[in-house]
Every structure is written in structure tokens, then in C-alpha cells.
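Commentary on secondary and tertiary structure
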Amino acid sequence: MPVFRFATVQGQNIVWFLKRNCSVTPAQLGWFYASLCVVSLAIAAFFWLHGATLILPFAWLELGAVGLAFLVYARHAADGERISLQGRRLVVELESAGQLQRTEFDPHWVRVEPRTGDRSLIEVSGRGGRSVRVGRYVRPELRPLLAQELRNALREWGTVR
């Protein structure tokens, strides 16, 4: 059994989890936003009570804009790619903003190659013209290593089964 840099072996399956590097989870971001709202509105209310009547509407506008930006960030915080070699299938699942796209390939007919150059996304293609691009969450200089690891796993899978 080969050693993998990007994959884990789960029983008879080989799985690659490629996730976005997320420093703040959506839950942590929600708590931070709530505390930001409390502090900002408390300061705005203090100045509103002292006669600065336009402070409160601008505070609400600011918090709405920041909330919208945080919402966009939170929708994509859990994005990722899952590539698994299981049984007689190579399964590629891409998740973006809560939408899951699943594509299955016959491992005997899969081609793994860079899209246009060494630093481009990796194109996984199979029979029938189906193809999917992976590797968005891997640094560009590591994508050739990931592609080689996928090729080696497919080659090893072909000799084992």
C-alpha cells in the first residue's frame, strides 16, 4: 500500500479531503458579529441620547453591510472537494455554498492531467466526455503532486483489483 500525502485510507477506500483553509467557523463568526452589534449599537445609542440623531441609522447601515459580508463568507467557509476511490468507482464531490455536485467515473477510463499548465487546476475526465476540475484548495505548486498521487492510486488500484 503506497504512502499518501493528501489522502487517507479508510478500509478498502482511498479518500482525498481538500477543504478551504478557514480560520473562523461560521458559528464563531456569528458570535463575533453579535458582540460587534452589541458594542456598536450601545455606542450609537449613547450618542443618540446625547443629541447626535444620525449616529443610530448609520450604525444600523454599517452593521447591515458587515452582516452581509459575513454571510457571504460563511456560505463558502465549508466549501471543499472530496475525491474517493471506492469499490469500482472514482467519486468526485464538489461542495460550493451548500450545493453538492457529484460525478462518478470508472477508474479504468480516468485521465488525470493539469488543465493548461503546471499551476492550473487538475482535470479528471472519463468516458463520455465527463470531466471535473479539482485542486482549488491546494496551493498551485502542490497540484502536480496531487495529480501524481491520484494517478499512482488509480494505477495501484488497477493492479490490486
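A brief structural summary. Here the residue index of a chain counts from 1 through its sequence in written order. Only residues with pLDDT of at least 70 are given local features in this predicted model, and only at 80 or more are side-chain atom pairs given and counted; all residues enter the totals for whole chains, interfaces and linings. Only heavy atoms go into the side-chain values, all of them from the structure, while hydrogens and water stay out.

Things to note about the pattern of salt bridges
Definition used for salt bridges: Asp or Glu carboxyl oxygen within 4 Å of a side-chain nitrogen of Lys or Arg. Under the definition given, this model contains eight salt bridges. For arginine 136, the salt bridge identified is with glutamate 81, shortest N-O distance 2.7 Å. In this pair, arginine 136 sits in the loop between strand S8 (131-134) and helix H3 (143-160) while glutamate 81 sits in strand S3 (residues 80-86), placing the two residues 55 residues apart along the sequence. Each residue's exposure class comes from its accessible area (1.4 Å probe, protein chains only) as a fraction of the maximum for that residue type: buried when under 20%, exposed when over 50%, partly exposed otherwise. Relative accessible area serves as the criterion here: at 38%, arginine 136 is assigned to the partly exposed category. Secondary structure elements follow DSSP: runs of H or I no shorter than four residues count as helices, runs of E no shorter than two count as strands, and numbering proceeds from the N terminus.

Regarding the packing of aromatic side chains
Aromatic rings considered in pairs are described by the distance between their centres and by the relative angle of their planes. Working definition: rings of Phe, Tyr and Trp (its six-membered ring) pair if their centres are within 6.5 Å, and the pair is stacked with planes under 30 degrees apart, edge-to-face with planes over 60 apart, and tilted otherwise. Going through the model one piece at a time under the given rule, you end up with four aromatic pairs. Measuring from centroid to centroid gives 5.9 Å for tyrosine 33 and phenylalanine 70, while their planes differ by 80°, and the two rings are edge-to-face. Here tyrosine 33 is found in helix H1 (residues 26-49), whereas its partner phenylalanine 70 is found in helix H2 (residues 55-76), with 37 residues between them in sequence. The exposure class assigned to phenylalanine 70 is partly exposed, which follows from its relative accessible area of 22%. Taken together, Phe32, Tyr33 and Phe70 form an aromatic cluster joined through their ring pairs.

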